[in-house]
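# Chains, contacts and geometry: an overview
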Amino acid sequence: MAKHLTLLIFIAVFSVTFGSPNFTFNNRYFPPNFKLGAATAAYQIEGAWNEDGKGVNLWDWYTHTYPERIKHNFTGDIACDSYRKWRDDVELLKNLGASHYRLSISWSRILPNATINNINEKGVEYYINLFKALRENNIEPMVTLYHWDLPITLHEMGGWLNPLLADYFADYARLCFEKFGEYVKSWITLNEPQSTCLGGYAEGTKAPGYTHIGEGLYQCAYVHVLAHAKAFHIYDKEFRPAQNGRISIVLDAGWPEPATDDESDLAAAQTEREFVLGIYANPIYLGNWPEVVIKNVGQRSALEGLNRSRLPELTEEEIHFINGTSDFFCINTYSTNYFTSANTVNESIGEPSYALDKGTRSFIDPSWPSNVTWVHLVPWGFRKLLKYVHDQYNHPEVFVTENGWADLTGQLDDTERITYISEYLSSLLDAYYEDNVNVTGYTVWSLLDNFEWTNGYTQKLGLVQVNFDREERTRTPKDSYYWYQKVIETRCLVDECVE
(Lines give C-alpha, C1' and ligand atoms only; values in the text may rest on other atoms or scores of the structure.)
Protein backbone atom coordinates (compact mmCIF):
# COMPACT_ATOMS: atom_id res chain seq x y z
CA MET A 1 0.00 0.00 0.00
CA ALA A 2 2.88 2.37 0.79
CA LYS A 3 4.26 1.80 -2.73
CA HIS A 4 0.88 2.61 -4.27
CA LEU A 5 0.46 5.77 -2.14
CA THR A 6 3.94 7.04 -2.97
CA LEU A 7 3.34 6.34 -6.64
CA LEU A 8 0.00 8.17 -6.66
CA ILE A 9 1.52 11.22 -4.97
CA PHE A 10 4.36 11.31 -7.53
CA ILE A 11 1.89 10.94 -10.38
CA ALA A 12 -0.17 13.85 -9.09
CA VAL A 13 2.91 16.10 -9.06
CA PHE A 14 4.23 14.77 -12.38
CA SER A 15 0.89 15.25 -14.13
CA VAL A 16 1.00 18.97 -13.47
CA THR A 17 3.84 19.29 -15.96
CA PHE A 18 3.18 16.30 -18.27
CA GLY A 19 -0.58 15.77 -18.26
CA SER A 20 -3.37 17.75 -19.88
CA PRO A 21 -3.66 21.31 -18.49
CA ASN A 22 -6.44 21.76 -15.89
CA PHE A 23 -7.46 18.12 -16.25
CA THR A 24 -10.11 17.04 -13.72
CA PHE A 25 -10.36 13.32 -13.06
CA ASN A 26 -13.75 11.65 -13.04
CA ASN A 27 -14.46 10.50 -9.47
CA ARG A 28 -17.12 7.92 -10.31
CA TYR A 29 -16.61 4.19 -9.95
CA PHE A 30 -16.30 2.03 -13.04
CA PRO A 31 -19.69 0.37 -13.62
CA PRO A 32 -20.13 -3.01 -11.87
CA ASN A 33 -19.74 -5.13 -15.02
CA PHE A 34 -17.13 -2.95 -16.72
CA LYS A 35 -14.11 -4.99 -17.90
CA LEU A 36 -10.48 -3.89 -17.48
CA GLY A 37 -7.87 -5.99 -19.27
CA ALA A 38 -4.77 -6.04 -21.46
CA ALA A 39 -3.85 -7.09 -24.99
CA THR A 40 -1.13 -8.64 -27.14
CA ALA A 41 -0.95 -10.28 -30.60
CA ALA A 42 0.59 -13.54 -31.77
CA TYR A 43 3.38 -12.32 -34.06
CA GLN A 44 4.38 -9.59 -31.64
CA ILE A 45 5.01 -11.90 -28.66
CA GLU A 46 5.04 -15.61 -29.52
CA GLY A 47 8.31 -16.14 -31.38
CA ALA A 48 8.96 -19.80 -32.33
CA TRP A 49 8.44 -18.70 -35.92
CA ASN A 50 9.42 -22.02 -37.51
CA GLU A 51 8.93 -24.53 -34.69
CA ASP A 52 6.49 -27.37 -34.00
CA GLY A 53 5.04 -27.36 -37.49
CA LYS A 54 4.18 -23.66 -37.81
CA GLY A 55 4.10 -22.32 -41.36
CA VAL A 56 5.66 -19.11 -42.62
CA ASN A 57 3.49 -16.01 -42.36
CA LEU A 58 3.54 -12.59 -44.01
CA TRP A 59 5.61 -10.89 -41.30
CA ASP A 60 8.09 -13.78 -41.15
CA TRP A 61 8.60 -13.30 -44.88
CA TYR A 62 8.63 -9.50 -44.75
CA THR A 63 11.16 -9.13 -41.93
CA HIS A 64 13.44 -11.78 -43.48
CA THR A 65 13.15 -10.50 -47.06
CA TYR A 66 13.32 -6.77 -46.34
CA PRO A 67 15.28 -6.44 -43.08
CA GLU A 68 16.19 -2.86 -43.97
CA ARG A 69 12.53 -1.87 -43.64
CA ILE A 70 12.51 -2.76 -39.91
CA LYS A 71 14.32 -0.65 -37.31
CA HIS A 72 17.70 -2.25 -36.61
CA ASN A 73 16.74 -5.24 -38.78
CA PHE A 74 14.68 -6.67 -35.91
CA THR A 75 12.29 -9.60 -36.43
CA GLY A 76 9.62 -11.39 -34.43
CA ASP A 77 11.48 -14.70 -34.67
CA ILE A 78 11.78 -14.86 -30.87
CA ALA A 79 9.96 -11.73 -29.71
CA CYS A 80 8.84 -12.25 -26.07
CA ASP A 81 9.15 -16.03 -26.50
CA SER A 82 5.56 -16.39 -25.29
CA TYR A 83 5.23 -19.68 -27.15
CA ARG A 84 7.33 -21.07 -24.30
CA LYS A 85 6.65 -18.52 -21.59
CA TRP A 86 2.87 -18.32 -21.87
CA ARG A 87 2.46 -19.53 -18.29
CA ASP A 88 4.42 -16.49 -17.11
CA ASP A 89 2.09 -14.26 -19.12
CA VAL A 90 -1.00 -15.86 -17.56
CA GLU A 91 0.51 -15.37 -14.10
CA LEU A 92 1.13 -11.69 -14.86
CA LEU A 93 -2.49 -11.29 -15.96
CA LYS A 94 -3.76 -13.11 -12.89
CA ASN A 95 -1.73 -10.91 -10.53
CA LEU A 96 -2.83 -7.83 -12.44
CA GLY A 97 -6.46 -8.78 -11.82
CA ALA A 98 -7.31 -8.51 -15.53
CA SER A 99 -10.89 -9.41 -16.39
CA HIS A 100 -9.94 -10.27 -19.96
CA TYR A 101 -6.93 -10.86 -22.17
CA ARG A 102 -7.16 -9.90 -25.81
CA LEU A 103 -4.79 -12.10 -27.84
CA SER A 104 -4.66 -13.53 -31.33
CA ILE A 105 -4.27 -16.91 -32.99
CA SER A 106 -1.48 -17.32 -35.52
CA TRP A 107 -3.27 -18.67 -38.60
CA SER A 108 -0.13 -20.40 -39.89
CA ARG A 109 0.58 -22.03 -36.52
CA ILE A 110 -2.55 -24.13 -36.78
CA LEU A 111 -2.84 -24.23 -40.60
CA PRO A 112 0.73 -24.16 -41.98
CA ASN A 113 -0.37 -23.81 -45.61
CA ALA A 114 -3.53 -21.83 -44.68
CA THR A 115 -5.97 -24.60 -45.63
CA ILE A 116 -7.89 -27.02 -43.45
CA ASN A 117 -6.47 -30.13 -45.13
CA ASN A 118 -3.27 -29.69 -43.10
CA ILE A 119 -4.01 -29.05 -39.42
CA ASN A 120 -1.02 -28.66 -37.11
CA GLU A 121 -2.16 -30.35 -33.92
CA LYS A 122 0.76 -28.98 -31.91
CA GLY A 123 -0.42 -25.49 -32.72
CA VAL A 124 -3.98 -26.35 -31.76
CA GLU A 125 -2.73 -27.84 -28.49
CA TYR A 126 -0.75 -24.68 -27.69
CA TYR A 127 -3.84 -22.48 -27.90
CA ILE A 128 -6.10 -24.93 -26.06
CA ASN A 129 -3.64 -25.03 -23.15
CA LEU A 130 -3.43 -21.24 -23.12
CA PHE A 131 -7.19 -20.69 -23.26
CA LYS A 132 -7.82 -23.31 -20.57
CA ALA A 133 -5.25 -21.68 -18.27
CA LEU A 134 -6.86 -18.29 -18.72
CA ARG A 135 -10.29 -19.69 -17.90
CA GLU A 136 -8.93 -21.49 -14.84
CA ASN A 137 -7.67 -18.14 -13.58
CA ASN A 138 -10.96 -16.32 -14.24
CA ILE A 139 -9.53 -14.39 -17.19
CA GLU A 140 -11.74 -14.20 -20.26
CA PRO A 141 -9.86 -14.88 -23.51
CA MET A 142 -10.91 -12.29 -26.11
CA VAL A 143 -9.53 -13.92 -29.23
CA THR A 144 -8.67 -12.25 -32.52
CA LEU A 145 -8.59 -14.62 -35.50
CA TYR A 146 -6.40 -12.40 -37.66
CA HIS A 147 -3.87 -9.84 -36.41
CA TRP A 148 -1.85 -9.16 -39.59
CA ASP A 149 0.10 -12.47 -39.83
CA LEU A 150 -1.33 -13.86 -43.07
CA PRO A 151 -0.05 -17.31 -44.11
CA ILE A 152 2.50 -16.80 -46.87
CA THR A 153 0.65 -19.05 -49.33
CA LEU A 154 -2.30 -16.66 -49.29
CA HIS A 155 -0.03 -13.65 -49.69
CA GLU A 156 1.40 -15.31 -52.80
CA MET A 157 -2.17 -15.55 -54.15
CA GLY A 158 -2.65 -11.80 -53.83
CA GLY A 159 -3.37 -11.47 -50.15
CA TRP A 160 -6.12 -9.04 -49.18
CA LEU A 161 -6.57 -7.94 -52.78
CA ASN A 162 -7.94 -11.37 -53.74
CA PRO A 163 -11.66 -11.91 -52.94
CA LEU A 164 -10.99 -15.67 -52.60
CA LEU A 165 -9.20 -14.86 -49.36
CA ALA A 166 -12.62 -14.32 -47.77
CA ASP A 167 -13.41 -18.01 -48.35
CA TYR A 168 -10.08 -19.19 -46.95
CA PHE A 169 -10.64 -16.99 -43.91
CA ALA A 170 -14.13 -18.43 -43.46
CA ASP A 171 -12.73 -21.98 -43.44
CA TYR A 172 -10.07 -20.98 -40.91
CA ALA A 173 -12.65 -19.25 -38.71
CA ARG A 174 -14.91 -22.31 -38.70
CA LEU A 175 -12.01 -24.50 -37.60
CA CYS A 176 -11.18 -22.10 -34.74
CA PHE A 177 -14.80 -22.07 -33.59
CA GLU A 178 -14.79 -25.89 -33.62
CA LYS A 179 -11.47 -26.29 -31.81
CA PHE A 180 -11.59 -23.44 -29.30
CA GLY A 181 -15.25 -22.47 -28.87
CA GLU A 182 -15.50 -24.41 -25.60
CA TYR A 183 -13.11 -21.89 -24.03
CA VAL A 184 -13.62 -18.73 -26.10
CA LYS A 185 -16.84 -16.74 -25.85
CA SER A 186 -15.60 -13.41 -27.22
CA TRP A 187 -14.37 -13.54 -30.82
CA ILE A 188 -12.86 -10.85 -33.01
CA THR A 189 -12.57 -11.61 -36.71
CA LEU A 190 -10.02 -9.09 -38.00
CA ASN A 191 -7.74 -6.53 -36.40
CA GLU A 192 -7.56 -2.99 -37.80
CA PRO A 193 -8.34 -3.41 -41.50
CA GLN A 194 -7.55 0.27 -42.04
CA SER A 195 -3.96 -0.26 -40.86
CA THR A 196 -3.62 -3.33 -43.07
CA CYS A 197 -5.15 -1.72 -46.14
CA LEU A 198 -3.54 1.71 -45.87
CA GLY A 199 -0.12 0.63 -44.67
CA GLY A 200 0.13 -2.70 -46.48
CA TYR A 201 -1.59 -2.13 -49.81
CA ALA A 202 -1.67 1.65 -50.40
CA GLU A 203 1.27 3.43 -48.76
CA GLY A 204 3.66 0.47 -48.52
CA THR A 205 4.67 1.22 -44.93
CA LYS A 206 3.66 -2.21 -43.54
CA ALA A 207 3.76 -5.75 -44.87
CA PRO A 208 3.44 -6.63 -47.71
CA GLY A 209 4.70 -3.17 -48.64
CA TYR A 210 2.55 -2.56 -51.72
CA THR A 211 1.93 0.96 -53.03
CA HIS A 212 -1.35 0.69 -54.92
CA ILE A 213 -2.31 4.13 -53.63
CA GLY A 214 -5.38 4.57 -55.81
CA GLU A 215 -6.98 1.11 -55.82
CA GLY A 216 -5.31 -1.07 -53.19
CA LEU A 217 -7.00 0.31 -50.10
CA TYR A 218 -10.51 0.03 -51.53
CA GLN A 219 -10.09 -3.52 -52.83
CA CYS A 220 -8.49 -4.51 -49.54
CA ALA A 221 -11.39 -2.95 -47.62
CA TYR A 222 -13.88 -4.87 -49.75
CA VAL A 223 -12.21 -8.22 -49.10
CA HIS A 224 -11.94 -7.47 -45.36
CA VAL A 225 -15.62 -6.67 -44.82
CA LEU A 226 -16.62 -9.68 -46.92
CA ALA A 227 -14.30 -12.02 -44.98
CA HIS A 228 -15.58 -10.65 -41.68
CA ALA A 229 -19.20 -11.15 -42.69
CA LYS A 230 -18.60 -14.74 -43.78
CA ALA A 231 -16.98 -15.59 -40.46
CA PHE A 232 -19.80 -13.87 -38.55
CA HIS A 233 -22.52 -15.83 -40.35
CA ILE A 234 -20.70 -19.11 -39.79
CA TYR A 235 -20.52 -18.43 -36.06
CA ASP A 236 -24.07 -17.10 -35.90
CA LYS A 237 -25.65 -20.08 -37.65
CA GLU A 238 -23.40 -23.00 -36.77
CA PHE A 239 -21.89 -22.25 -33.35
CA ARG A 240 -23.71 -19.54 -31.42
CA PRO A 241 -26.65 -21.69 -30.32
CA ALA A 242 -24.38 -24.21 -28.58
CA GLN A 243 -21.44 -22.00 -27.57
CA ASN A 244 -23.41 -18.87 -26.62
CA GLY A 245 -20.59 -16.49 -27.47
CA ARG A 246 -20.38 -13.26 -29.41
CA ILE A 247 -18.34 -11.89 -32.28
CA SER A 248 -17.18 -8.56 -33.70
CA ILE A 249 -14.41 -6.87 -35.69
CA VAL A 250 -11.78 -4.42 -34.37
CA LEU A 251 -11.69 -1.06 -36.17
CA ASP A 252 -9.09 1.64 -35.56
CA ALA A 253 -9.30 5.40 -35.73
CA GLY A 254 -7.94 8.50 -34.13
CA TRP A 255 -10.26 11.43 -33.54
CA PRO A 256 -10.42 13.86 -36.51
CA GLU A 257 -11.10 17.29 -34.98
CA PRO A 258 -12.02 20.18 -37.32
CA ALA A 259 -9.29 22.80 -37.32
CA THR A 260 -11.87 25.62 -37.11
CA ASP A 261 -15.64 26.06 -37.01
CA ASP A 262 -15.67 26.91 -40.71
CA GLU A 263 -18.05 24.75 -42.71
CA SER A 264 -15.22 23.47 -44.92
CA ASP A 265 -13.21 22.24 -41.93
CA LEU A 266 -16.25 20.64 -40.30
CA ALA A 267 -16.91 18.82 -43.57
CA ALA A 268 -13.25 17.82 -43.91
CA ALA A 269 -13.19 16.26 -40.45
CA GLN A 270 -16.36 14.30 -41.16
CA THR A 271 -14.99 13.17 -44.52
CA GLU A 272 -11.87 11.92 -42.77
CA ARG A 273 -13.99 9.95 -40.29
CA GLU A 274 -15.89 8.31 -43.13
CA PHE A 275 -12.78 7.42 -45.16
CA VAL A 276 -10.91 6.00 -42.14
CA LEU A 277 -13.58 4.51 -39.85
CA GLY A 278 -16.78 4.60 -41.88
CA ILE A 279 -15.41 2.70 -44.85
CA TYR A 280 -15.35 -0.41 -42.61
CA ALA A 281 -18.00 0.48 -40.02
CA ASN A 282 -20.73 1.61 -42.43
CA PRO A 283 -21.10 -1.69 -44.32
CA ILE A 284 -21.22 -3.61 -41.02
CA TYR A 285 -23.36 -1.32 -38.86
CA LEU A 286 -25.40 0.74 -41.36
CA GLY A 287 -25.16 -0.91 -44.79
CA ASN A 288 -23.03 -0.01 -47.82
CA TRP A 289 -20.03 2.33 -48.04
CA PRO A 290 -20.39 5.88 -46.68
CA GLU A 291 -22.03 8.21 -49.17
CA VAL A 292 -19.09 10.63 -49.27
CA VAL A 293 -16.69 7.80 -50.06
CA ILE A 294 -18.88 6.55 -52.91
CA LYS A 295 -19.29 10.12 -54.20
CA ASN A 296 -15.66 11.26 -53.97
CA VAL A 297 -14.04 8.11 -55.35
CA GLY A 298 -16.60 7.81 -58.14
CA GLN A 299 -16.25 11.47 -59.09
CA ARG A 300 -12.47 11.40 -59.18
CA SER A 301 -12.40 8.06 -61.01
CA ALA A 302 -14.54 9.56 -63.77
CA LEU A 303 -12.36 12.66 -64.01
CA GLU A 304 -9.31 10.39 -64.24
CA GLY A 305 -10.83 8.79 -67.34
CA LEU A 306 -11.70 5.45 -65.75
CA ASN A 307 -14.74 3.46 -66.87
CA ARG A 308 -15.77 2.60 -63.31
CA SER A 309 -15.11 3.73 -59.79
CA ARG A 310 -11.95 2.53 -58.06
CA LEU A 311 -14.21 1.71 -55.09
CA PRO A 312 -15.73 -1.76 -55.63
CA GLU A 313 -19.49 -1.50 -55.82
CA LEU A 314 -21.31 -3.61 -53.24
CA THR A 315 -24.23 -5.53 -54.70
CA GLU A 316 -27.58 -5.46 -52.92
CA GLU A 317 -26.95 -9.06 -51.88
CA GLU A 318 -23.54 -8.13 -50.41
CA ILE A 319 -24.96 -5.09 -48.61
CA HIS A 320 -27.56 -7.27 -46.95
CA PHE A 321 -25.01 -10.01 -46.20
CA ILE A 322 -22.51 -7.65 -44.51
CA ASN A 323 -24.95 -5.37 -42.69
CA GLY A 324 -25.61 -6.31 -39.06
CA THR A 325 -22.64 -8.64 -38.70
CA SER A 326 -21.44 -7.52 -35.28
CA ASP A 327 -22.59 -8.06 -31.71
CA PHE A 328 -20.68 -5.06 -30.31
CA PHE A 329 -18.37 -2.29 -31.54
CA CYS A 330 -14.61 -2.73 -30.93
CA ILE A 331 -12.37 0.31 -31.29
CA ASN A 332 -8.59 0.81 -31.14
CA THR A 333 -7.42 4.40 -30.72
CA TYR A 334 -4.29 6.27 -29.71
CA SER A 335 -4.39 9.89 -30.83
CA THR A 336 -6.13 12.94 -32.30
CA ASN A 337 -5.42 15.20 -35.29
CA TYR A 338 -6.81 18.49 -36.54
CA PHE A 339 -8.23 18.46 -40.06
CA THR A 340 -8.85 21.05 -42.72
CA SER A 341 -9.88 20.86 -46.36
CA ALA A 342 -7.17 20.32 -48.97
CA ASN A 343 -9.58 21.09 -51.86
CA THR A 344 -8.41 18.15 -53.96
CA VAL A 345 -11.67 16.32 -54.66
CA ASN A 346 -12.22 18.16 -57.95
CA GLU A 347 -8.66 19.30 -58.51
CA SER A 348 -5.19 17.83 -59.02
CA ILE A 349 -6.55 15.11 -61.30
CA GLY A 350 -3.75 12.79 -62.33
CA GLU A 351 -2.48 9.65 -60.66
CA PRO A 352 -5.23 8.04 -58.56
CA SER A 353 -4.72 8.68 -54.86
CA TYR A 354 -6.51 7.81 -51.61
CA ALA A 355 -5.29 11.09 -50.10
CA LEU A 356 -6.67 13.14 -53.01
CA ASP A 357 -9.95 11.20 -52.81
CA LYS A 358 -10.33 12.33 -49.20
CA GLY A 359 -9.33 15.90 -49.90
CA THR A 360 -8.26 16.53 -46.30
CA ARG A 361 -5.11 17.75 -44.62
CA SER A 362 -4.08 17.04 -41.02
CA PHE A 363 -1.82 18.52 -38.37
CA ILE A 364 -1.29 18.23 -34.64
CA ASP A 365 -0.94 20.69 -31.81
CA PRO A 366 2.79 20.68 -30.97
CA SER A 367 1.93 21.08 -27.29
CA TRP A 368 0.33 17.64 -27.14
CA PRO A 369 2.71 15.31 -25.25
CA SER A 370 4.18 12.55 -27.43
CA ASN A 371 7.24 10.36 -27.87
CA VAL A 372 6.25 8.89 -31.24
CA THR A 373 4.32 10.15 -34.25
CA TRP A 374 1.20 8.02 -33.76
CA VAL A 375 0.46 8.46 -30.03
CA HIS A 376 -0.42 11.80 -28.43
CA LEU A 377 -1.98 12.63 -25.08
CA VAL A 378 -5.36 14.11 -26.09
CA PRO A 379 -8.00 12.63 -23.76
CA TRP A 380 -10.79 14.94 -24.94
CA GLY A 381 -10.38 13.47 -28.43
CA PHE A 382 -10.91 9.98 -27.00
CA ARG A 383 -14.18 11.06 -25.39
CA LYS A 384 -15.36 12.65 -28.64
CA LEU A 385 -14.54 9.48 -30.59
CA LEU A 386 -16.55 7.32 -28.18
CA LYS A 387 -19.53 9.67 -28.42
CA TYR A 388 -19.26 9.74 -32.21
CA VAL A 389 -19.36 5.95 -32.43
CA HIS A 390 -22.38 5.97 -30.12
CA ASP A 391 -24.23 8.59 -32.16
CA GLN A 392 -23.18 7.49 -35.66
CA TYR A 393 -23.73 3.73 -35.39
CA ASN A 394 -27.06 3.44 -33.59
CA HIS A 395 -25.89 3.32 -29.98
CA PRO A 396 -23.93 0.04 -30.00
CA GLU A 397 -22.16 -1.50 -27.05
CA VAL A 398 -18.62 -0.11 -27.36
CA PHE A 399 -15.53 -2.02 -26.22
CA VAL A 400 -12.09 -0.38 -26.29
CA THR A 401 -9.81 -3.16 -27.51
CA GLU A 402 -6.56 -1.15 -27.67
CA ASN A 403 -5.27 2.06 -26.14
CA GLY A 404 -1.87 2.82 -24.65
CA TRP A 405 1.24 4.96 -24.43
CA ALA A 406 4.53 4.58 -26.28
CA ASP A 407 7.96 5.51 -24.96
CA LEU A 408 11.44 4.83 -26.31
CA THR A 409 13.18 3.39 -23.25
CA GLY A 410 10.84 0.92 -21.57
CA GLN A 411 11.82 2.25 -18.15
CA LEU A 412 10.17 0.85 -15.04
CA ASP A 413 9.20 4.28 -13.68
CA ASP A 414 6.79 4.91 -16.56
CA THR A 415 4.73 7.74 -15.10
CA GLU A 416 3.96 9.13 -18.56
CA ARG A 417 2.11 5.90 -19.33
CA ILE A 418 0.16 6.14 -16.07
CA THR A 419 -0.82 9.73 -16.83
CA TYR A 420 -1.94 8.84 -20.36
CA ILE A 421 -3.99 5.80 -19.36
CA SER A 422 -5.51 7.51 -16.31
CA GLU A 423 -6.64 10.54 -18.33
CA TYR A 424 -8.05 8.35 -21.09
CA LEU A 425 -9.90 6.19 -18.59
CA SER A 426 -11.27 9.31 -16.95
CA SER A 427 -12.51 10.56 -20.32
CA LEU A 428 -14.05 7.14 -20.93
CA LEU A 429 -15.97 7.50 -17.66
CA ASP A 430 -17.09 10.97 -18.78
CA ALA A 431 -18.39 9.42 -22.00
CA TYR A 432 -20.23 6.76 -20.01
CA TYR A 433 -21.74 8.95 -17.31
CA GLU A 434 -22.16 12.29 -19.12
CA ASP A 435 -22.68 11.26 -22.76
CA ASN A 436 -24.58 8.00 -22.14
CA VAL A 437 -22.15 5.97 -24.26
CA ASN A 438 -22.61 2.27 -23.57
CA VAL A 439 -18.88 1.56 -23.23
CA THR A 440 -18.37 -1.74 -21.41
CA GLY A 441 -14.63 -2.48 -21.47
CA TYR A 442 -11.11 -1.11 -21.80
CA THR A 443 -7.99 -2.96 -22.91
CA VAL A 444 -4.48 -1.60 -22.42
CA TRP A 445 -2.02 -2.09 -25.23
CA SER A 446 0.04 -3.85 -24.20
CA LEU A 447 0.63 -6.38 -21.46
CA LEU A 448 4.25 -6.74 -22.61
CA ASP A 449 6.83 -4.69 -24.43
CA ASN A 450 6.88 -6.44 -27.79
CA PHE A 451 7.71 -6.35 -31.49
CA GLU A 452 6.06 -3.16 -32.77
CA TRP A 453 6.06 -4.01 -36.47
CA THR A 454 8.39 -1.80 -38.54
CA ASN A 455 9.53 -0.08 -35.35
CA GLY A 456 10.90 -3.37 -34.08
CA TYR A 457 11.71 -3.16 -30.38
CA THR A 458 12.45 0.59 -30.38
CA GLN A 459 9.00 1.60 -29.12
CA LYS A 460 7.73 0.27 -25.80
CA LEU A 461 4.05 0.10 -24.88
CA GLY A 462 3.98 -2.64 -22.23
CA LEU A 463 2.85 -2.62 -18.62
CA VAL A 464 5.64 -5.18 -18.25
CA GLN A 465 9.24 -4.65 -19.35
CA VAL A 466 10.79 -7.45 -21.39
CA ASN A 467 14.57 -7.75 -21.58
CA PHE A 468 15.15 -8.62 -25.23
CA ASP A 469 18.91 -8.85 -24.66
CA ARG A 470 18.53 -11.93 -22.47
CA GLU A 471 17.71 -15.36 -23.83
CA GLU A 472 15.11 -15.93 -21.10
CA ARG A 473 13.27 -12.71 -22.02
CA THR A 474 13.00 -11.62 -18.38
CA ARG A 475 9.70 -9.92 -17.55
CA THR A 476 9.60 -7.10 -14.95
CA PRO A 477 6.37 -5.25 -14.09
CA LYS A 478 6.59 -1.48 -14.45
CA ASP A 479 5.04 1.12 -12.16
CA SER A 480 2.09 1.28 -14.58
CA TYR A 481 1.43 -2.41 -13.94
CA TYR A 482 1.05 -1.81 -10.21
CA TRP A 483 -0.99 1.34 -10.79
CA TYR A 484 -3.37 -0.47 -13.14
CA GLN A 485 -3.56 -3.36 -10.69
CA LYS A 486 -4.78 -0.88 -8.06
CA VAL A 487 -7.33 0.66 -10.42
CA ILE A 488 -8.72 -2.80 -11.19
CA GLU A 489 -8.86 -3.60 -7.48
CA THR A 490 -10.55 -0.37 -6.38
CA ARG A 491 -12.41 0.30 -9.66
CA CYS A 492 -11.59 3.95 -9.10
CA LEU A 493 -9.11 6.49 -10.55
CA VAL A 494 -8.88 8.82 -7.54
CA ASP A 495 -8.39 8.47 -3.79
CA GLU A 496 -12.13 8.32 -3.12
CA CYS A 497 -14.85 7.63 -5.65
CA VAL A 498 -18.57 8.29 -5.38
CA GLU A 499 -21.44 6.08 -6.47
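Above: the structure in question.
This write-up is about the structure you can find in this document. (Residues numbered from 1 in each chain as written. Predicted model: local features only at pLDDT ≥ 70, side-chain atom pairs only at ≥ 80, totals over all residues. Heavy atoms only, no water.)

The side chains of a regular strand alternate between both faces of the sheet. Within strand β1 (residues 35-39), 4 of the 5 residues are buried, leaving the element largely enclosed by the surrounding structure. Pairing geometry for β1 and strand β11 (residues 439-445), over 5 bridges, is parallel. Note on β11: the bridge partner recorded for leucine 36 is tyrosine 442. Both β1 and strand β2 (residues 100-104) contribute to a ladder of 2 bridges, which runs parallel. By the bridge assignment, alanine 39 is partnered in β2 with arginine 102. (Buried < 20%, exposed > 50% of the residue type's maximum accessible area, 1.4 Å probe, protein only. Helix = DSSP H or I, 4+ residues; strand = E, 2+ residues; numbered from the N terminus. Pairing = 2+ DSSP bridges.)

Here the focus is the state of the cysteines. Under the definition given, this model contains 2 disulfides. Between the sulfur atoms of cysteine 197 and its disulfide partner cysteine 220 the distance amounts to 2.1 Å. Taking the torsion about the sulfur-sulfur bond, which here is approximately -75 degrees, the covalent link between cysteine 197 and cysteine 220 counts as left-handed. Of this pair, cysteine 197 sits in helix α9 (residues 193-201) while cysteine 220 sits in helix α10 (residues 216-243); the two residues are 23 residues apart in sequence, bridging distant segments of the chain. Each of the two residues, cysteine 197 as well as cysteine 220, counts as buried. Sulfur-sulfur distance for the disulfide between cysteine 492 and cysteine 497 comes to 2.0 Å. Taking the torsion about the S-S bond as the criterion, the cysteine 492 to cysteine 497 disulfide, at about 95 degrees, is right-handed. The burial state of cysteine 492 is the same as that of cysteine 497; both residues are buried. Once the disulfide-bonded cysteines of the chain are ranked by sequence position, their pairing pattern turns out to be 1-2, 3-4. (Disulfide = S-S within 2.5 Å.)

The next subject is the packing of helix α4 (residues 82-96) against helix α6 (residues 121-136). For the pair α4 and α6, the least separation of the axes is 10 Å and the interaxial angle reads 10 degrees. Looking at the two axes, α4 sits roughly parallel to α6. Between α4 and α6, the contacting residues are Ser82, Tyr83, Trp86, Val90 and Leu93 on the first element and Lys122, Tyr126, Asn129, Leu130, Ala133 and Leu134 on the second. When the residues that make up the contact of α4 with α6 are grouped by side-chain class, the tally is 8 nonpolar, 2 polar and 1 charged. (Axes fitted to C-alpha atoms, helices over the stretch in contact; angles between N-to-C directions. Parallel < 35°, antiparallel > 145°, perpendicular 65-115°, else oblique. Contact = heavy atoms within 4.5 Å. Nonpolar A, V, L, I, M, F, W, Y, C, P; charged D, E, K, R; others polar.)

The next point concerns the pattern of salt bridges. Across all of its chains, the model carries 29 salt bridges by this definition. Arginine 300 is paired through a salt bridge with aspartate 357; the nearest N and O atoms lie 3.2 Å apart. Taken together, the residues arginine 300 in helix α12 (residues 291-303) and aspartate 357 in helix α14 (residues 354-358) connect sequence positions 57 residues apart. The class for arginine 300 is buried, based on a relative accessible area of 0%. Overall, aspartate 357 belongs to the buried group, its relative accessible area being 0%. For aspartate 391, the salt bridge is made with lysine 387, and the minimal N-O distance between the two is 2.7 Å. Residue aspartate 391 and its partner lysine 387 are both found in helix α15 (residues 379-392); the two are separated by 4 residues, about one turn of the helix. Using a relative accessible area of 43% as the deciding quantity, one classes aspartate 391 as partly exposed. (Salt bridge = Lys/Arg side-chain N within 4 Å of Asp/Glu carboxyl O.)

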